[in-house]
Amino acid sequence: MIAPSLGDKQAQLDQIKADMIKQNICPNLAKTATNMVFGDGSPNAEIVFIGEAPGKNEDLTGLPFVGAAGKFLNELLEHIGLRREDVYITSIIKYRPPQNRDPLPEEKAASWPYMQAQLEVINPKLVATLGRHSMNCFLPDLQISKVHGEFQKVTLPSVLKPGTTVEFAILPLFHPAAAIYNRGLRQTLMDDFSGIPGALKQITK
Ligand code: URA
C-alpha cells in the first residue's frame, strides 16, 4: 500500500489522503458523504486525538470535531492549556456514515491501515482515543468504562516499514459527544484530560 517516504510530514499526510481517495476506501460512505474528513492540526503534534467518524458538521466542512462534540473537545483542550493548532485531530472513519450510524467492522478494517500510516508519519508521544470504537481498534479486549484515563502501550506491525514494529502510548478517553448531556461524564473527561500534560512531559521520543 502506501509508502510515503519523501518530504515533510504534511506532504506525507497529503500523500496518504490522496492514496485513500485513489483506492476508494469505503465506497458506500464516500458516495453519500459531502467531504472526506482526513484530519486537522499540527503534523508535528505531540498528541493525536482519534474519534469515531465525522458527523453532519464535519461532513459539511471537511474538518473533524467542529460540531457540539468539537466545542466540548475545545473546552477540554483549553482546560489543559492546549489549542487545536497544538494537537492533531482525526477519526478512524474518514467519511460520515449515513444518519450517523455506527461504523461497520469492514469500514473500520478498510480505514485502519491508513489511520495507522497517519500515526506513523506524525509519530506522536501520545494517542488519545475518543470513545470505544477508536479505543477498540488499538485495544480490542478492553472496556472503556474500566480503563478510561489509564495509559496503555500497544506494539503493532508497521504499515510503512514492513518487517518492523511501532509502539504507541494510548490514553483511552470517553467520546466528548457522550458527555454533552451527562454532567458526570463531563467531569470524568476533565479529570482524565488532566493527566495529559504530565504524561507528555514524561514520555520521551
Ligand atoms: N465525532 C467523531 O468521532 N469525529 C468527528 O470528527 C466528529 C464527531
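This report concerns the structure included in the present document. Just so you know, these numbers come straight off a predicted model, no measurement behind them.

Below, the discussion takes up the pairing of strand E2 (residues 47–51). With five of its five residues buried, E2 lies for the most part within the structure. Of the two faces of E2, both are covered, the one formed by Ile-47, Phe-49 and Gly-51 as well as the one formed by Val-48 and Ile-50. Bridge count between E2 and strand E4 (residues 126–130): four bridges; the pairing is parallel. The residue of E4 that forms the bridge with Ile-50 is Thr-129.

As a further point, take the site of the ligand. If you check the shell around the ligand, you find Gly-51, Glu-52, Ala-53, Pro-54, Glu-58, Pro-64, Phe-65, Ser-91 and His-175 and nothing else. A distance of 3.1 Å separates a nitrogen atom of the ligand from a polar backbone atom of Ala-53. Ser-91 has a polar side-chain atom sitting 2.8 Å from a nitrogen atom of the ligand. When the ligand sits alone it has 230 Å² of accessible area, and the protein chains cover 92% of it.

Moving on: helix H4 (residues 68–79). A rise of 1.5 Å per residue sets the reference length of H4, with its 12 residues, at 16 Å; its end C-alpha atoms lie 17 Å apart and thus fit the reference within 8%. Within H4, burial applies to Ala-69, Gly-70, Phe-72, Leu-73, Leu-76 and Leu-77. The buried residues of H4 occupy an angular sector of 160° when the element is viewed end-on, so they sit on one face. Those residues of H4 that are exposed and angled more than 90 degrees off the buried face are Lys-71 and Glu-78. Among the residues trailing H4, Gly-81 stands out with phi positive, at a value near 75°.

Reading across from one edge, E1-E3-E2-E4-E6-E5 is the order of the six strands in this open sheet, with mixed pairing throughout. Lying at the two open borders of the sheet, with one neighbouring strand each, are strand E1 (40–41) and strand E5 (152–157). Relative to strand E6 (residues 165–173), E4 is paired through four bridges, and the arrangement is parallel. Within E6, the residue paired with Ala-128 across the bridge is Leu-171.

One finds Phe-49, Phe-138, Phe-193 and Ile-196 to be the most contacted residues of the largest nonpolar core, which totals 60 residues. Examining the composition of this core, we find that seven residues originate from one element, helix H5 (residues 105–122), more than from any other. With residues near it in sequence (within four places) discarded, Phe-138 still touches Ile-50, Trp-112, Leu-119, Val-127, Thr-129, Val-154, Phe-168 and Ile-170.

Okay, the state of the cysteines next. Structurally, a disulfide amounts to a covalent bond that connects the sulfur atoms of two cysteines. A full pass over the atoms with the stated rule returns zero disulfides. Left without a disulfide partner, Cys-26 is nearest to the cysteine sulfur of Cys-137, which lies 12 Å away. In this structure Cys-137 comes out as partly exposed when scored by relative accessible area, which is 22%.

This part covers the pattern of salt bridges. A side chain of one charge can pair with a side chain of the opposite charge when the charged atoms of the two come close. Counting across every chain of the model gives six salt bridges. Measuring nitrogen to oxygen at the nearest pair gives 3.6 Å for the salt bridge that ties Arg-83 to Glu-85. The residue Arg-101 makes a salt bridge to Glu-107 at a minimum N-O spacing of 2.8 Å. For Glu-107, a relative accessible area of 7% gives the class buried. Connected through salt bridges with shared partners, the residues Arg-83, Glu-85 and Asp-86 form a single ionic network.

Rules behind the numbers
Residue numbers run consecutively from 1 along every chain, following the written order of its sequence. Reporting of local features is limited, given that this is a predicted model, to residues whose pLDDT is at least 70; pairs of side-chain atoms are given and counted only at 80 or more, and all residues count toward the totals for whole chains, interfaces and linings. Note that water and hydrogens are dropped before the side-chain values are worked out from all heavy atoms of the structure. Think of it in three bands: residues with accessible area under 20% of the maximum for their type are buried, residues over 50% are exposed, and the middle band is partly exposed, with areas taken using a 1.4 Å probe on protein chains only. Under the DSSP-based scheme used, a helix requires at least four consecutive residues in state H or I and a strand at least two consecutive residues in state E, with every element numbered from the N terminus. Only when DSSP finds a minimum of two bridges between them are two strands counted as paired. Nearness of a residue to a molecule or strand requires only that one of the residue's heavy atoms be within 4 Å of it. Here a polar contact means two N or O atoms within 3.5 Å. Within protein one must be a hydrogen donor candidate and the other an acceptor candidate, and residues neighboring in sequence count only if both atoms are side-chain atoms. Each accessible area value is a Shrake-Rupley result obtained with a 1.4 Å probe; residue values ignore everything except the protein chains displayed when judging cover. Take the number of residues in a helix, subtract one, and multiply by 1.5 Å to get its expected span. Directions pointing from the helix axis toward each C-beta atom define the arc. Residues belong to a common nonpolar core when they are buried Ala, Val, Leu, Ile, Met, Phe, Trp, Tyr or Cys residues joined through side-chain atoms within 4.5 Å. By the convention used here, residues are in contact when the closest approach between their heavy atoms is within 4.5 Å. Note on terminology: disulfide denotes any pair of cysteine sulfur atoms within 2.5 Å. For salt bridges, the criterion is a side-chain nitrogen of Lys or Arg within 4 Å of an Asp or Glu carboxyl oxygen.

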